[in-house]
Amino acid sequence: WIGTYAGGLTRRTDKGFETFSSEDGLSDDSMFSLYEDREGSLWAGTYTGGLNRFKEGAFTTFARDEGMSANGVFSLYQDPDGTIWIGTEGGGLNRFKNGKFTVYTTRDGLSSNNVVSVCRDREGSLWIGTFGGGLNRMRNGKFTAFHTEDGLSSETVFSLYGDREGSLWIGTSEGLNRYRDGKFTTYGSEAGLVGTDVRAIHQDRGGALWIGTGAGLNRLANGKFTVYTTADGLAGNAVQAIHEDAEGALWIGSRGGGLSRLKDGKFITFGTRAGLPDDVIFAILEDEVGNLWMSSTKGVFSVRKQALNAHAAGEIGAVDAMLYGKAEGIRAGEGSGGSQPIARKMRDGSLWFSTPKGAAVVNPAHLEINRRVPPVVIEELRVNRRSVSLGGVLDLPPGSRTLEFHYTALSLLEPGKVQFRYKLDGFDEEWVNAGTRRVAYYTNVPPGRYRFRVVASNNDGVWNLVGASLGFRVQPFFYQTAWFAPLLALAAILLALAAYRLKTRQLKARQRELARVVDERTEELRQSQERLVVSEKMAAFGRLTAGIAHEINSPLGGVLNSLQLARLYVDDYGASIDDPEVTATDHRAIAKELISSIALAEAGTRKVAQFVRSIKSQTRADGDGQRREFDPADEIGPVIALLDHEFTDRKITLHVESERGLCIRGDPGNFDLIVQNLLSNAMDAYEGKEGEIRVRLASDVNGGPHCDVRLEVEDHGCGIPEEIRSRIFDYLFTTKDIGRGTGLGLSIVHSIVTSEFGGEIAVHSEVGRGTTISVCFPACR
């Protein structure tokens, strides 16, 4: 290496002299100093351009500067004799042989200069697929073009593949074509193919054809297509590349979904989460030692297939992938994709990849591994954002809440690929994988002794496992010392004892005060309840006696009127009824009035008996006052037995339909009072005539929120007159007082049903046809 003044940098090899200048990327053409470091890099100090570094790149790139017709490369193919064919973007077809390029374009008969795919068939013809120009066949130096009118499904050919049976498979933007015996056969969606843009084709060792499209992966066997998509576990539906390894596993690259492995009918996905640099996979090649090489939007990267399989088995976490970009000689820093073949493994073991800026070539067997172990240095420790001296015994003061360890590794060949791991002994249980980060952060480290350790690897993954370390101690506050806790516990016990004694005295005083207040309030409550009970009973008694007075005064008033009328007869016709002047007609009139009086007196007697029973039932209810759950059917029988002689005396037939197993909640005595009053009202409806009464007790599933159990009492007596029926309606539905003349029984029933049972009552009556009274009760909950 010779540094010149104003003439750049010159290198002398066995092939002669080679000069590098500012046109090649140097910052200045005047060289002042040269130095080669221990990793093989050459450093050149310039006059005004600073420092430049030269290193041997892993990749060699062929592009326009090396003799190609264009920089953009779409396709790569090698003949059995070693000739390499390169399809370019706008530059036609390039042949590379014996270090020289020969270019074929439309001037030579090619249908288009955008060459997307290249393949040679078993007969020796070279096939060239173009973008928009159809398919070309080169035989004996002459080109023949095939277009849609010849049977091709599209003028854009993305991929070409020759199978072992001699067929040429053509992937186009409008489906899959097979060319054999001079004829094209098209396979599209009607044949079962998913996706129309065919980007990748591969025939496996069993003879099945695998086709990758923008909508999924297809398998063609025995004339039938089988489709695989992300629903089946495929990494991504936009399939770009297919590779089969020696074990028969298929490796499928996708645009955006990552890498898939299909083995034993099961898909496994690898992406950036698994350690791959990119989820876009344009091409997949395999070298001689079991590494997979893939091109992507981030460049070209390699990963050990064994590591991928171990990750798939759950034996390891993320895999280590080696990424190559501009620094390694790939001028574009990314690969090209979307056609086949865009990458090729050549006969000498070198791997060729298409890129937007040429064909990038690497020979894995010739790669020099950087085996220099990088020295590791801890540069700085910051405590609470302040730097501390690393010399001597390192004691950190109490309150050292945040710790920052700044470290580095001295590997300048590829500093961006240096990896780090660190661990704080006494705090971390496992090593922390820091990647390329050169700072370790810790917060809330408790007092104690610790040692920070850090190790690093160079650009080729060679680790310095000794690394660097730093011991230190975090001092405690006085309350974090060993003696502080027992002392604090003793003080807490003494304080708790004092507090307990004080609290005990306070509680006893409070208890006495509360006992006095409770006694006073209890006595006040008892007196209040007694006054309330007396008031309620007086009110109930007043209502009851008012009703009794009304119901008894009515028949007694009739008796009095009849007797007064009979007295008038006596006064008019003499003191003795045997007076000759009293005629038979007069006798009959007096007898009629007496008979009427007797009937009214008997009715009054029955009313008195009824209300006595009501008073007894009410008294029993007031005396019991216990609400409970009971079957209403158990209560109907005793009430009917109580009234049995009245049914017999009045010649009234009773029909009872009672469903058992029902349940309502309330005072059973008040329920008896309801049944008794309804039956008495029904008997009165016949006005001394013969008749029948029907009693129905049953569940009502459609009765509403307050009507689960329905009690109906039906008679066919005189009915309720319109004026009284309207007042009953007002009382039941508008809470107005119905006044006199409507019967005490119904008012008692209404009061008990609504207040005691939370139920409802309804009355249906027609004059001369009878009355039906329905009482609804909510069931037990």
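Keep in mind that this is a model prediction, so the values were computed, not measured. (Residues numbered from 1 in each chain as written. Predicted model: local features only at pLDDT ≥ 70, side-chain atom pairs only at ≥ 80, totals over all residues. Heavy atoms only, no water.)

On to the pattern of salt bridges. One pass over the structure, following the stated rule, counts 23 salt bridges. The salt bridge involving Arg205 is made with Glu244; its shortest N-O contact spans 3.3 Å. In this pair, Arg205 sits in the loop between β20 (198-203) and β21 (209-213) while Glu244 sits in strand β24 (residues 239-244), placing the two residues 39 residues apart along the sequence. Look at Glu244 and you get buried, because its relative accessible area is 16%. With a shortest N-O distance of 2.9 Å, Glu286 and Lys305 are connected by a salt bridge. With Glu286 in strand β28 (residues 283-286) and Lys305 in helix α1 (residues 305-312), the pair connects residues that are 19 residues apart, well separated along the chain. When salt bridges with common partners are traced through the structure, they connect Asp245, Glu247, Glu286 and Lys305 into a single cluster. (Salt bridge = Lys/Arg side-chain N within 4 Å of Asp/Glu carboxyl O. Helix = DSSP H or I, 4+ residues; strand = E, 2+ residues; numbered from the N terminus. Buried < 20%, exposed > 50% of the residue type's maximum accessible area, 1.4 Å probe, protein only.)

Between Gln340 and the following residue, Pro341, the backbone shows a cis peptide bond with an omega angle of 0°. Within the element layout of this structure, Pro341 appears in the loop between β31 (321-324) and β32 (343-345). One non-glycine residue with positive phi stands out, namely Asn98, at about 55°. Note on Asn98: relative accessible area 72%, which makes it exposed. Within the chain, Asp181 stands out as a residue other than glycine whose phi angle is a positive 55°. For Asp181, a relative accessible area of 72% puts it in the exposed group.

A surface patch of nonpolar side chains, amounting to about 390 Å² of accessible area, comprises Leu490, Ile493, Leu494 and Leu497. Mapping Leu494 onto the fold places it in helix α2 (residues 484-573). (Patch = residues over 30% accessible without salt bridge, like charges linked within 9 Å, V, L, I, M, F, W, Y side chains within 5 Å. Areas by Shrake-Rupley, 256 points an atom, 1.4 Å probe, with all protein chains shown as cover.)

Attention now goes to the sheet that holds strand β30 (residues 299-304). Read across the open sheet, the four strands follow the order β28-β29-β30-β31; overall the sheet is antiparallel. Each edge of the open sheet is held by one strand with a lone partner, namely β28 and β31. This sheet shows a mean twist of 20° between the axes of neighbouring strands, independent of strand direction. Judged from the four bridges that link them, β28 and strand β29 (residues 291-296) form a sheet pairing that is antiparallel. Residue pairing for β29: Leu285 is matched across the bridge by Trp293. (Pairing = 2+ DSSP bridges. Axes fitted to C-alpha atoms, helices over the stretch in contact; angles between N-to-C directions.)

Across all of its chains, the model carries two disulfides by this definition. Two residues share a disulfide in this structure: Cys663 and Cys780, whose sulfurs sit 2.1 Å from each other. With the S-S dihedral at roughly -80°, the linkage between Cys663 and Cys780 falls on the left-handed side. Of this pair, Cys663 sits in the loop between β45 (652-658) and β46 (664-666) while Cys780 sits in the segment after β50 (770-777); the two residues are 117 residues apart in sequence, bridging distant segments of the chain. Judged by relative accessible area, which is 24%, Cys663 ranks as partly exposed. Disulfide pairing places Cys707 opposite Cys776 at an S-S distance of 2.3 Å. Judged by the sign of its S-S torsion, about -50°, the bond between Cys707 and Cys776 is left-handed. (Disulfide = S-S within 2.5 Å.)

Let us look at the nonpolar core. In this structure, Phe671, Ile674, Leu679, Ile693, Leu711, Val775 and Phe777 are the most contacted members of the largest nonpolar core, which totals 35 residues. Sorting elements by how many residues they give to this core places helix α6 (residues 668-684) first, with eight residues. Once residues lying within four places of it in the same chain are set aside, the contact partners of Ile693 are Phe647, Ile652, Thr653, Leu654, His655, Leu679, Ala682, Met683, Tyr686, Val713 and Glu714. One finds Val376, Tyr442, Val454 and Ala468 within the second-largest nonpolar core, a separate group that totals 26 residues. (Core = buried A, V, L, I, M, F, W, Y, C linked by side-chain atoms within 4.5 Å. Contact = heavy atoms within 4.5 Å.)

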